[in-house]
Amino acid sequence: MNQDALKVPVLVLGGGTGALGAALQCARSGTRCLLVTPGPWVGGMLSASGVSAPDGNELSPWQTGLWGALLRKLRMDVPEGLDNNWVSCFGFQPAQAEKIFQDWIRAEPNLKWISGWNLQELTKKYSLITGAIFSDGINQLEVNFDLIIDGTELAESLVYADVPYRLGWEAKEEWDEPSAPEKIKLEQDPFFKTQVVQSPTWVFLARWQGDWNESSQVFRQNKQPAAPFQDCLKPHGLLRCLSYGRLPEDLLMLNWPINGNDWHEDPLAPFSGSTNRIAKHLDGMRAHSQNFFKELQSITGGLLFTSKDDGLAVQPYWRESRRIVGNYTVTEQDLLPATLNSDINQSSIAIGNYPNDHHYPGPDWPLAPKSKAWGGRWSGTPFCIPFDALFGSVAANLLMADKGISVSHMANGATRLGPLVLNVGQAAGMAAALCSQAKILPEQLNIKILQKALINERTAPSAPFINENLAWHSPAWHQTQLWALDARNTTPTPTEAPPEPGEYSQEMELNINSEDQWFGCWGSKRWPLITLEPMVREQITKLDRKKVTVVGRWNPWGPWWRINRLLP
């Protein structure tokens, strides 16, 4: 093998969404870094894994940082808009997001990206990781660095650097998490021996060439797929199954959780270190998703097709990875609304709000509720990720930036989503830049300096503090976030959302039954209404039975009207 060597202040191990956020922010903050990815795409689950109808961080107060910047760029770039499905308030083609990510990377002179290289070895000196060796199958690359960020899908650094980590379930006795199983059940129930981590999916991208009329014959027929997908259309039916992850131009994200293409066989294979076992697992995932597509294609009479040879996303969608034993471990209690995140809010570096969701074979795992009615629909309650969850006491110059942060197995169900992971990666990259410039280690970094830097970030300012009335576009956003640094809590007045490409107006009579049941009536039509905007939420509750003009976008696959503004 030929061997080259590089020396950089910061090395980012890539493949996941968090790596992209970390490398981009580190470079934008003035510190040279190297991003190394095993595959040809940089966007992780938001592009390479095909999960481009993402959940979480949908309300405008949570659309900050790189996640918010991505949404606003997509809205400019995608003529059809992002209101394309019912699983998410945003739907875009994976390649559309990936183009933005790669354009962002190319614009940064401090960032070097190399793809097609796999990590083979990490070297340590005392408590520091000092070097990495990569291979592209022919050549070797040695990289020396001061700081390292792990944004890999499965937290590879924890194995190569012998850093303590957790994998899979923890008993209720560990942290008294309300949804965790008791120790005796973990030890005796065979389910926990086979389903150690959440099931992955290899997303399949297909295209629909029929119409979406629910009265058409293809949607009225009762033909069911063959085993093991025979129950996949219950209880939602074919139309809802297909429109679940609809993307622009009738591209479909087949990532169906109900007896669909989740892969439940040997979920520990990716962590085994066995080449044969991993290859068998990947082959099984591929075939399972391809067979799911073929069954749907059969019952639609060929109206579902793919323009790619196999339709598979660039890489699998891993829902869970190894998790570092950090200086703080986020548990289920930290996510629940009753706790108000009081212990960790002041050390927060990113906000998430996903309700929590676990994927295993069989019935849904029962989870403590963490959703509330908001804006005509249900939304997850917000929670914080503290800086101490990104690093531990071993390997003092290592920061985690993807699903490998210090969280419990139960909490991972809410912290694993792409929007939050992107912003956690951004915080890791900012922290690495600050540490490099001050010649200190992450544990020595003053959290307020990091939080202030995120708030003041020029290109994609990111909110570390929760404020449900504070939309990303509010003139008070910056000052309110800075006040929160000193625990000065304020309740800013919600502000009107700026114009959005493709929005239009519709006069309707409002019918506000409850916080999660808003309707608009015009002519003979009566459609559900939702909003992601605090100002609309505040205004609309006073307008029941009144005729108003709303401005926003109609989503026939929701189906709902998403309201951005109300006209006087």
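Each chain has its residues counted from 1, running along the sequence as written. Where local features are concerned, this predicted model is filtered to residues with pLDDT of at least 70; where side-chain atom pairs are given and counted, the filter is 80 or more; whole-chain, interface and lining totals use all residues. As a convention, hydrogens and water are excluded, and side-chain values are obtained from all of the structure's heavy atoms.

### Focus: the overall build of the chain
Inference 1: When you go through the chain residue by residue, the secondary structure sums to 16 helices and 22 strands.
Inference 2: For this measure, only C-alpha atoms enter the radius of gyration; the expected value for a globule follows 2.2 Å times N^0.38, where N is the number of residues. At 23 Å, the chain has a C-alpha radius of gyration in line with the 24 Å of a compact globule built from 568 residues.
Inference 3: Projected onto its principal axes, the C-alpha positions of the chain cover 75 × 55 × 50 Å.
Inference 4: Here the Shrake-Rupley method, with its probe set to 1.4 Å, supplies the accessible areas, and only the displayed protein chains count as covering residues. On the chain, roughly 22,200 Å² of surface is accessible, and the fraction owed to carbon and sulfur atoms is 50%.
Inference 5: Charge convention: Lys and Arg are scored as positive, Asp and Glu as negative, and His as well as the terminal groups of each chain are ignored. Note on charges: their place is set at NZ of Lys, CZ of Arg, CG of Asp or CD of Glu. For the chain, the distance from the average position of its 50 positive side-chain charges to the average position of its 59 negative side-chain charges is 3 Å. Helical segments are the DSSP runs of H or I of at least four residues, strand segments are the runs of E of at least two, and each set is numbered from the N terminus.

### What to know about unusual backbone geometry
Inference 1: Geometrically, the link from A227 to P228 is a cis peptide bond, its omega value of 5° lying close to zero.
Inference 2: Note the cis peptide between G558 and P559, where omega equals -10°.
Inference 3: When you line up the elements, P559 lands in the loop between β21 (547–555) and β22 (560–567).
Inference 4: The phi torsion at A155 lies on the positive side, around 55°, for a residue other than glycine.
Inference 5: The residue N259 is not glycine, and still its phi comes out positive at about 50°.
Inference 6: Tracing the chain through its elements places N259 in the loop between β10 (251–254) and α10 (275–299).
Inference 7: Each residue is assigned to one of three classes by its accessible area relative to the maximum for its type, calculated with a 1.4 Å probe on protein chains only: buried under 20%, partly exposed between the two thresholds, exposed over 50%. Taking the relative accessible area as the measure of exposure, N259 reaches 41% and is therefore partly exposed.

### Let's talk about the state of the cysteines
Inference 1: Cysteine sulfur atoms that come within 2.5 Å of each other are treated as a disulfide pair. Tallied over the full model, the rule gives zero disulfides.
Inference 2: Of the cysteine sulfurs around C89, a residue in no disulfide, the closest is that of C241, at 20 Å.
Inference 3: Of all cysteine sulfurs in the structure, the one in C241 sits closest to C232, which takes part in no disulfide; the separation is 5.2 Å.

### Quick look at the side chain of T480
Inference 1: In this fold, T480 is placed in helix α15 (residues 477–484).
Inference 2: Taking the relative accessible area as the measure of exposure, T480 reaches 6% and is therefore buried.
Inference 3: Polar contacts, as used here, are pairs of N or O atoms within 3.5 Å; protein pairs need one atom able to donate a hydrogen and one able to accept it. Residues neighboring in sequence count only if both atoms are side-chain atoms. Looking at T480, its side chain comes within polar contact range of the main-chain oxygen of A476, at 2.7 Å.
Inference 4: What T480 contacts, discounting residues up to four positions off in sequence, is N467, L470, T490 and P492. Residues count as neighbours in contact if any of their non-hydrogen atoms are within 4.5 Å of one another.

### Let's talk about the sheet that holds strand β11 (residues 304–305)
Inference 1: Read across the open sheet, the four strands follow the order β9-β10-β8-β11; overall the sheet is antiparallel. On the outer flanks of this sheet lie β9 (246–247) and β11, each paired with one strand and no other. Strands are treated as partners if at least two bridges between them are detected by DSSP.

### Details of the packing of aromatic side chains
Inference 1: In summary, the pairing rule links any two rings of Phe, Tyr or Trp, Trp by its six-membered ring, whose centres are within 6.5 Å, and it sorts them by plane angle into stacked for under 30 degrees, edge-to-face for over 60 and tilted for everything else. Counted under the stated rule, the structure contains 23 aromatic pairs.
Inference 2: Judged by centre distance (6.4 Å) and plane angle (75°), the rings of W86 and W256 are edge-to-face. One end of the pair, W86, is in the loop between α2 (65–77) and α3 (94–106); the other, W256, is in the loop between β10 and α10, with 170 residues separating them in the sequence. Assigned by exposure class, W86 and W256 land together as buried.
Inference 3: Where W169 meets F192, the ring centres are 4.9 Å apart and the plane angle is 85°; that geometry is what we call edge-to-face. With W169 in the loop between β7 (165–166) and α5 (172–175) and F192 in helix α7 (residues 191–194), the pair connects residues that are 23 residues apart, well separated along the chain. Across the pair, exposure class does not vary: W169 and F192 are buried alike.
Inference 4: Members of the aromatic cluster, each reached through a chain of ring pairs, are W169, F191, F192, Y360 and W365.
Inference 5: By the criterion adopted, a ring carries a charge over it if an Arg CZ or a Lys NZ lies within 6 Å of its centre and within 35 degrees of its normal. The ring of W86 is capped by R240, whose NZ or CZ atom sits 4.2 Å from the centre of that ring.

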